[in-house]
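Residues per chain are reported as follows:
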Amino acid sequence: MAALQPVRGTRDILPDEARQFRHIVDTGRAVCARYGFEEVATPIFEFSEVFRRTLGDTSDIVTKEMYSFTDKGGDDVTLRPEGTAGVARMLISGGLSQNLPLKLFYNGPMFRYERPQKGRFRQFHQIGVELLGVPEPAGDVEAIAMGAAVLDALGVAGNVTLELNTLGNAASRAAYRDVLVAYFTVHADALSEDSRARLARNPLRILDSKEEGDRRIVEGAPDFADSLDAESSEFFAAVRDGLDAVGIAYVLNSRLVRGLDYYCHTAFEFTTDALGAQGTVLAGGRYDGLVEQMGGPHTPGIGWAAGIERLALLAGEAPDAPRPIAVVPVGGDVERDALTLAETLRRAGFMVELGYRGNLSRRLKRANRLRARAALILGPEEVARGAVTLRDLDSGDQEEVALTALTERLSPYR
Ligand code: ATP
Ligand code: MG
């Protein structure tokens, strides 16, 4: 029965994976905090205009991937496909442009109607950052260094390559656009239908096409480097010099254009061979024109986003679950005392699992399965003496401990 399945491209996140996701988000947040970034959250849906106006009406997201609907009040809204447009909207509607520079970290679900496969879902999750109000190339260097530091802290830096390109300023892009139109027009018959449509509206995006036939034509396309003006070349040189200064290795990829329309100057992706076709793990760039394009004040920006599912696939095993203390009542009528003891310890800050049923060995087996570090065994005699038996489940050592001394004695098991 279809209604009892998760919707195609969505999935349930069970405890092991949830712990891994949390670890990724916590690591990202903590690393970015070292750079002065603070967490924000924007709504999961926005007026569709927010995305349509910013992502560009030839982008894959806007043409094919948006989850848009008319709500009961007649508003046209869209589940956010990415985080930057919402943050830019927040900057404008919240009047935050008085407080620049803004250094923002976010995480949460994103929605794109794509063909699901390994590392590609319709609901997926991202961590991301936006640095707003910094036109200097130092901002690009810091953003990239911060991405590298997050990947390093997650232990995946060895599996990724930083690819770097520049999209130049508006004048360079206009010049390159003309060169590209001339080139692709000659090959128009061999281009995919999508790319032919882009030829008139946004020829740069053809460079990003994943169609086999397009790729062959793209290979022979002129290089952006030849269209860069002095300002654009200088900016790019400063970014590369900064990366060298902080010891971050990269490879230049002149075909790297990013899927969205709002980028300029620096574009970068951390990619891997380990995830098949879904090789981009963390991607970003500079978007100086975005806020203005949305109707706000001119506000330079740079940011990146990383897919949590792809980071999790790369990072492998989830970190271990925390280890509880097991409270194990045995024999007689001590269930009530066990319940009280467990609750007292939890109020004192311990993680406690209560063995609900079965004989001693069954309850201990369950405690071991939960990887408990210690068991507190209590039967009628212990209760009468105001004590419990503390068994260290790693060493097997056990001793009787008076209830009055228990929290003190348990402090190594916290
Ligand atoms: P791709 O080329 O793989 O479609 P993209 O250019 O559309 O990626 P971005 O919009 O830059 O991706 O999003 C940043 C990151 O979010 C990607 O590098 C990837 O890790 C992740 N991501 C994007 N789309 C998906 C998806 N459908 N499922 C899972 N992760 C995704
Ligand atoms: Mg995509």
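Keep in mind the model is a prediction, meaning the values are calculated, not measured. For every chain, the first residue of the written sequence is number 1, and numbering continues from 1 onward in sequence order. Starting at A for chains and at 1 for ligands, labels are handed out in the order in which the entities are written. Totals for whole chains, interfaces and linings use all residues, but because this is a predicted model, local features are given only for residues with pLDDT of at least 70 and pairs of side-chain atoms are given and counted only at 80 or more. Calculated side-chain values reflect all of the structure's heavy atoms, with hydrogen atoms and water omitted.

Peer 1: Break down the overall build of the protein chain for me, citing the residues and quoting the values.
Peer 2: Secondary structure is summarised from DSSP: a helix means a run of H or I of at least four residues, a strand means a run of E of at least two, and numbering begins at the N terminus for each. When its secondary structure is counted, the protein chain shows 15 helices and 16 strands. This radius of gyration counts C-alpha atoms alone. The globule rule is 2.2 Å times how many residues there are, raised to the power 0.38. Against the globule reference of 22 Å for 414 residues, the protein chain gives a C-alpha radius of gyration of 28 Å, more extended than a compact globule. Counting only C-alpha atoms, the protein chain reaches 90 × 55 × 40 Å along its principal axes. The buried label goes to any residue with under 20% of its type's maximum accessible area, the exposed label to any with over 50%, and the partly exposed label to all in between, with areas taken from a 1.4 Å probe on protein chains only. Put simply, the protein chain has 414 residues, and 49% of those count as buried. Residues scored as charged are limited to Lys and Arg (positive) and Asp and Glu (negative), so that His and the chain ends carry no count. For this purpose, a charge sits on NZ of Lys, CZ of Arg, CG of Asp or CD of Glu. Between the mean site of the 48 positive side-chain charges and the mean site of the 59 negative ones, the protein chain shows a separation of 7 Å.

Peer 1: Can you break down the sheet that holds strand β13 (residues 352-354) residue by residue, with the values?
Peer 2: By definition, the strands of a sheet pair up through backbone hydrogen bonds, in either a parallel or an antiparallel sense. A pair of strands counts as paired when DSSP detects no fewer than two bridges linking them. Overall, mixed pairing links the five strands, which are arranged β13-β12-β14-β15-β16 in an open sheet. One side of each edge strand has no neighbouring strand; the edge strands of this open sheet are β13 and β16 (398-402). Taken over all neighbouring pairs, the strand axes of this sheet differ in orientation by 30° on average, direction set aside. Lying over the sheet, helix α12 (residues 335-347) contacts β12 (325-329), β13, β14 (374-378) and β15 (387-392), oriented at roughly 165° with respect to β13. Contacts were defined at the residue level, with two residues in contact if any of their heavy atoms lie within 4.5 Å. Axes here mean lines fitted to C-alpha atoms, for a helix over just the part in contact, with angles spanning 0 to 180 degrees between N-to-C directions. Across the sheet, helix α13 (residues 360-369) lies against β12, β13, β14 and β15, angled at about 170° from β12, the strand it touches most.

Peer 1: Describe the site of ligand 1, listing the residues and the values that go with them.
Peer 2: When we say a residue is near a molecule or strand, we mean one of its heavy atoms is within 4 Å of it. Near ligand 1 lie 15 residues; those nearest to it are R112, E114, R120, F121 and R258. Here a nitrogen atom of ligand 1 and a side-chain polar atom of E114 are 2.6 Å apart. Think of a polar contact as two N or O atoms within 3.5 Å of one another; within protein, one of them needs to be a possible hydrogen donor and the other a possible acceptor, and neighboring residues in sequence only count if both atoms come from side chains. For ligand 1, an oxygen atom lies 2.9 Å from a polar atom in the side chain of R120. The accessible surface values rely on the Shrake-Rupley method and a 1.4 Å probe; as for residues, cover is taken only from the protein chains in view. Coverage of ligand 1 by the protein chains reaches 92% of its 580 Å² of free accessible surface. Contributing elements (two or more residues each) for the shell around ligand 1: β6 (123-132), β10 (280-286) and β11 (301-307). It is β10 that contributes the most residues to the shell around ligand 1, three residues altogether.

Peer 1: Give me the lowdown on the packing of aromatic side chains, citing residues and values where you can.
Peer 2: In summary, the pairing rule links any two rings of Phe, Tyr or Trp, Trp by its six-membered ring, whose centres are within 6.5 Å, and it sorts them by plane angle into stacked for under 30 degrees, edge-to-face for over 60 and tilted for everything else. One pass over the structure, following the stated rule, counts four aromatic pairs. With 5.2 Å between their ring centres and 70° between their planes, Y183 and F184 make a pair best called edge-to-face. Considered together, Y183 and F184 belong to a single accessibility category, that of buried residues. Measuring from ring centre to ring centre gives 6.5 Å for F268 and F270, while their planes differ by 85°; the resulting arrangement is edge-to-face. Across the pair, F270 and F268 agree in class, each one buried. Positioned above the aromatic ring of F121, the side-chain terminus of R11 is 4.9 Å from the ring centre. The ring of F350 has R414 sitting right over it, with the charged end atom 4.3 Å from the ring centre. The criterion for a charge sitting over a ring is simple: Lys NZ or Arg CZ within 6 Å of the ring centre, and within 35 degrees of the ring normal.

Peer 1: Provide a residue-level description of the pattern of salt bridges, including the pertinent values.
Peer 2: Close approach of charged atoms allows side chains with opposite charge to pair. Each reported salt bridge corresponds to a side-chain nitrogen of Lys or Arg within 4 Å of a carboxyl oxygen of Asp or Glu. A full pass over the atoms with the stated rule returns 21 salt bridges. Among the salt bridges present, the one from K64 reaches D194, with a minimum N-O distance of 3.3 Å. A residue pair is termed long-range when its members are at least 10 positions apart, and K64 in helix α3 (residues 60-65) and D194 in helix α7 (residues 193-201) qualify at 130 residues. Residue classification places D194 among the partly exposed positions, given a relative accessible area of 35%. Among the salt bridges present, the one from R363 reaches E335, with a minimum N-O distance of 3.3 Å. Here the residue R363 occupies a position in helix α13, and E335 occupies one in helix α12, the gap between them amounting to 28 residues. What makes R363 buried here is its relative accessible area of 8%. Taken together, the salt bridges that share partners define one network made up of E49, R52, R53 and D76.

Peer 1: Account for helix α2 (residues 48-55), naming residues and giving values.
Peer 2: Within α2, the full set of buried residues consists of S48, V50, F51, T54 and L55. Projected down its long axis, α2 shows its buried positions confined to an angular sector of 160°, all on one face. Just beyond α2, the residue with positive phi is G56, at close to 95°. Here, the arc refers to the directions that run from the helix axis to the C-beta atoms.

Peer 1: Pulling in residues and values, what's your account of the domain arrangement of the protein chain?
Peer 2: Note on interface size: it is often stated as the accessible area lost on association of the parts. When cut into domains, the protein chain gives domain 1 (15-169 + 229-315) and domain 2 (325-413). Just so you know, the domain bounds were taken from an automatic or database domain assignment. A C-alpha centroid distance of 48 Å is found between domain 1 and domain 2.

Peer 1: Outline the nonpolar core, supporting the account with residue identities and numerical values.
Peer 2: Core analysis: the largest hydrophobic core is formed by 45 residues, its most contacted members being L104, L132, L167, L180, F184 and L207. Looking at this core, the elements that each hand over two or more residues are α2, α3, α4 (84-93), β5 (102-111), β6, α6 (170-186), α8 (212-219) and α10 (290-293). Considering each element in turn, this core owes the most residues, five residues, to α4. Look past the residues within four positions of L167 in its chain and what remains in contact with it is R173, L204, F224, L256, V257, Y263, C264, H265 and A267. What makes a nonpolar core is a set of buried Ala, Val, Leu, Ile, Met, Phe, Trp, Tyr and Cys residues whose side-chain atoms join them at distances within 4.5 Å. Judged by nonpolar contacts, the second largest core, of 42 residues, contains F105, A149, V239 and F270.

Peer 1: I'd love a proper account of unusual backbone geometry, names of residues and values included.
Peer 2: The step from L100 to P101 runs through a cis peptide bond, and the omega angle for that step is -5°. Take P101: it is sitting in the loop between α4 and β5. With phi around 45°, H265 is a residue other than glycine that occupies positive phi space. Note that H265 resides in strand β9 (residues 264-271).

Peer 1: A description of α6 should follow, citing residues and the corresponding values.
Peer 2: Helices are assigned an expected span. That span is 1.5 Å times one less than the residue count. Given a rise of 1.5 Å per residue, 17 residues ought to cover 24 Å, and the 25 Å separating the end C-alpha atoms of α6 matches this to within 8%. Those residues of α6 that sit buried are S172, Y176, L180, Y183 and F184. Buried residues in α6, looked at end-on, bunch into an arc of 85°, giving them a common side. Exposed residues lying more than 90 degrees from the buried face of α6 are A170, A171 and D178. Buried positions along α6 lie against α7, α8 and α9 (230-245).

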